[in-house]
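One-letter residues, chain by chain:
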Amino acid sequence: SQKIEQNSEALNIQEGKTATLTCNYTNYSPAYLQWYRQDPGRGPVFLLLIRENEKEKRKERLKVTFDTTLKQSLFHITASQPADSATYLCALDEGNYGQNFVFGPGTRLSVLP
Amino acid sequence: DTAVSQTPKYLVTQMGNDKSIKCEQNLGHDTMYWYKQDSKKFLKIMFSYNNKELIINETVPNRFSPKSPDKAHLNLHINSLELGDSAVYFCASSQAGRIGGGSYFGAGTRLSVL
């Protein structure tokens, strides 16, 4: 069956360190993968999208990698700050036309001062 | 200017009632969605609408029906509410076929069925 997993439910990290979150999927062949941030009581906010033919994508302190052979995406936050504390969700489009997004369970990141 | 707005923010109702949640987007997107996020925080797609056509309907009970009067609105009607319907419902929109961007979500409607 098709499944998306994120490495851990919760991750604690010290301020200034690099946070690395993992998204693994099985039985999908997505054309692209997305990462979202969700704060308590709010809707998810789109952060980054990476296509299957891209190995890496960067945006400010964020970096995403995509390995279609391993069926894995890594999400890095460098120089992490307490304001980065949130739940991070990966998502892929099962239909490949923006029709049927499937979200992972999320990883709750806490950046400790 | 809120990009995706949904109302109400909170909805408390009795089992068996019928209720609606409204959603509007001002982004000019052509695809809108409804998601359900349960108590375990799993976010699951319920419906996807593109140009007034239902594209995807997951295994959602037919008590749930999306209604789209125009491209900017996608309302969710729920009949005969059950306890298990208690969750947070999110509306979202995106520009289908343009995979450079993601989906924009509303703030959510927290539904409590008593």
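Here the residue numbering is sequential within each chain, running from 1 through the sequence in written order. Labels are handed out in written order, letters beginning with A for the chains and numbers beginning with 1 for the ligands. Only residues with pLDDT of at least 70 get local features here, since the model is predicted, and only at 80 or more are side-chain atom pairs given and counted; chain-wide, interface and lining totals rely on the full set of residues. The basis for every side-chain value is the complete set of heavy atoms in the structure, and neither hydrogens nor water enter the calculation.

Student: Teacher, can you tell me more about the state of the cysteines here?
Tutor: Here a disulfide denotes a covalent bond joining the sulfur atom of one cysteine to the sulfur atom of another. When the sulfur atoms of two cysteines come within 2.5 Å, that pair is taken as a disulfide. Counted by the stated rule, this structure contains two disulfides over all chains. In this model, C23 of chain A is linked to C90 of chain A through a disulfide, with the two sulfur atoms separated by 2.0 Å. Disulfide C23 of chain A-C90 of chain A: the torsion about the S-S bond is 70 degrees, which places it as right-handed. Here C23 of chain A, found in strand β3 (residues 19–26), pairs with C90 of chain A, found in strand β9 (residues 86–93); they are 67 residues apart in sequence, far enough to count as distant. Like C90 of chain A, C23 of chain A is buried. Disulfide pairing is shown between C23 of chain B and C91 of chain B; the S-S distance is 1.8 Å. Sign of the S-S torsion, about -75 degrees for the bond between C23 of chain B and C91 of chain B, identifies this disulfide as left-handed. With C23 of chain B in strand β3 (residues 19–25) and C91 of chain B in strand β9 (residues 87–94), the pair connects residues that are 68 residues apart, well separated along the chain. Note on conventions: DSSP H or I runs of at least 4 residues are helices, E runs of at least 2 residues are strands, and numbering of each starts at the N terminus. Only protein chains enter the accessibility calculation, which uses a 1.4 Å probe; a residue whose area is less than 20% of its type maximum is buried, one above 50% is exposed, and one in between is partly exposed.

Student: Honestly, the pairing of strand β2 (residues 10–13) of chain B in this entry has me stumped. Any pointers?
Tutor: For a regular strand, side chains alternate in direction, first toward one face of the sheet and then toward the other. Residue and element names in this part refer to chain B. The two faces of β2 differ: L11 and T13 on one face are buried, but Y10 and V12 on the other face are not. Criterion used throughout: strands pair if DSSP finds at least two bridges between them. Taken together, the four bridges between β2 and strand β11 (residues 109–113) define a ladder with parallel strand orientation. Within the sheet, the bridge partner assigned to L11 lies in β11 and is L111.

Student: Help me out: how do you make sense of the packing of aromatic side chains in this one?
Tutor: In this description, an aromatic ring pair is defined by two values, namely the gap between the centres and the angle between the planes. A pair of Phe, Tyr and Trp rings is counted when the ring centres sit within 6.5 Å of each other, with Trp represented by its six-membered ring. The angle between the planes then sorts it: under 30 degrees is stacked, over 60 is edge-to-face, the rest tilted. One pass over the full model with this rule turns up 13 aromatic pairs over all chains. Aromatic pair F90 of chain B and F105 of chain B: ring centres 6.3 Å apart, planes at 80 degrees, arrangement edge-to-face. With F90 of chain B in strand β9 and F105 of chain B in strand β10 (residues 104–105), this residue pair connects regions lying 15 residues apart in the sequence. Under the relative-accessibility criterion, F90 of chain B is labelled buried at 2%. Grouping aromatic residues by their ring pairs yields a cluster made of Y36, F46, F101 and F103 of chain A together with Y33, Y35, F90 and F105 of chain B.

Student: Sorry, what's going on with the nonpolar core here?
Tutor: Grouped burial of nonpolar side chains is what soluble globular proteins tend to show. Put simply, buried Ala, Val, Leu, Ile, Met, Phe, Trp, Tyr and Cys residues joined by side-chain atoms within 4.5 Å make one nonpolar core. By size, the foremost hydrophobic cluster in this structure holds 24 residues, and its most contacted members are I4, L33, W35, F75 and Y88 of chain A. Every element with two or more residues in this core is listed here: β3, β4 (32–38), β5 (45–51), β7 (62–67), β8 (72–77), β9 and β11 (107–112) of chain A. The next biggest cluster of nonpolar side chains, apart from the first, holds 20 residues, and it includes L11, W34, L111 and V113 of chain B.

Student: Hey, could you run me through the sheet that holds strand β8 (residues 73–78) of chain B in this one?
Tutor: The pairing of strands in a sheet comes from backbone hydrogen bonds and takes either a parallel or an antiparallel form. All names here are of chain B. Strand order in the open sheet made by the four strands is β1-β3-β8-β7, with antiparallel pairing throughout. Either end of the sheet is taken by a strand with one partner, and the two such strands are β1 (4–7) and β7 (64–70). For this sheet the average axis-to-axis angle between neighbouring strands, irrespective of direction, equals 20 degrees. With four bridges connecting them, β3 and β8 associate as antiparallel partners. Along β8, the bridge assignment pairs I21 with L76. Here, axes are lines fitted to C-alpha atoms. For helices the fit covers the stretch in contact, and angles between N-to-C directions go from 0 to 180 degrees.

Student: Help me out: how do you make sense of the side chain of Q25 of chain B in this one?
Tutor: Residues and elements named next belong to chain B. Locating Q25 in the fold gives a position in strand β3. Of the polar contacts made by the side chain of Q25, one reaches the backbone nitrogen of G28; its length is 3.2 Å. A distance of 3.3 Å separates a polar atom in the side chain of Q25 from the backbone oxygen of K71. Throughout, a contact is declared for two residues whenever any of their heavy atoms are within 4.5 Å. Ignoring sequence-local partners within four residues, the contact set of Q25 consists of A3, V4, M32, K71, A72 and S93. For this analysis, a polar contact is any N or O atom pair within 3.5 Å, provided that within protein one partner can donate a hydrogen and the other can accept it, and provided that sequence-adjacent residues contribute only side-chain to side-chain pairs.

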